[in-house]
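Residue-level structural notes
This is what each chain is made of:
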Amino acid sequence: MRTPVIAVLFAVAAIAVSLPASAKPWQGIEPGSSKKEDIVKKFGEPSRTMSQDGKEILAYFAKEAIKGTTQAQFKVDPATQMVERIDVFPAPVIEKDTIENSYGPACPGGAAPSTPCYLRKLTDDFRTYFLYVKLGVAIFFNEDGKTVQSFVFTTPKAAK
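Residues numbered from 1 in each chain as written. Predicted model: local features only at pLDDT ≥ 70, side-chain atom pairs only at ≥ 80, totals over all residues. Heavy atoms only, no water.

**A short note on the sheet that holds strand 6 (residues 128–132)**
Sheet architecture is open: 8 strands sit in the order 1-2-3-4-8-7-6-5, paired in antiparallel fashion. Every other strand in the sheet has two partners, leaving strand 1 (48–52) and strand 5 (119–122) as the edge strands with one partner each. The mean inter-strand angle of the sheet, taken between neighbouring strand axes irrespective of direction, is 20°. By the bridge criterion, 5 bridges tie strand 7 (residues 137–141) to strand 8 (residues 148–154) in an arrangement that is antiparallel. In the strand pairing of strand 8, Phe140 is matched with Ser150. The strands that helix 2 (residues 36–43) touches are strand 2 (55–61), strand 3 (69–76) and strand 4 (83–90); relative to strand 2, the one it contacts most, it runs at about 10°. (Pairing = 2+ DSSP bridges. Helix = DSSP H or I, 4+ residues; strand = E, 2+ residues; numbered from the N terminus. Axes fitted to C-alpha atoms, helices over the stretch in contact; angles between N-to-C directions. Contact = heavy atoms within 4.5 Å.)

**Looking at helix 3 (residues 96–103)**
Within the span of helix 3, buried status applies to Lys96, Ile99 and Tyr103. One face of helix 3 carries all of its buried residues, which in axial projection span an arc of 55°. Within helix 3, the exposed residues directed more than 90 degrees away from the buried face are Asp97, Asn101 and Ser102. One or two residues past the end of helix 3 sits Gly104, with phi positive at roughly 135°. (Buried < 20%, exposed > 50% of the residue type's maximum accessible area, 1.4 Å probe, protein only. Arc of directions from axis to C-beta.)

Distances and angles like these do not, on their own, reveal function.
In structure tokens:
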């Protein structure tokens, strides 16, 4: 991932922190509810464990890649052992239509609807991403603007 995209991911996480909604789980792991032990119990030992910005990251790739992914990263608070964020890089090609059918359409102008919808955003390097504010999910697209590069699942701190 390029540095500008990382900056956008932090911005997405900051936006999600201010939201009262609960997180969207992935593979049974839910940011704000699941713990590090849940990850290891479900997926086994990670390919690599590292620290970044005071958080522990469990990365699964290569032979430990989780089915359907090329890589998955779980960001964990070392003090609480709580999962704060999940970054998923899908193995199959996933297209924009599939995302809209699965997570919801674009948000209409005016008042936000009660059902999930996305805000279309651009990264610093002009890549498109969909931000599903109510779900705490950001979906980043490849340079073609049509296929998914990665998913980011976060949770608002207020939901803890």
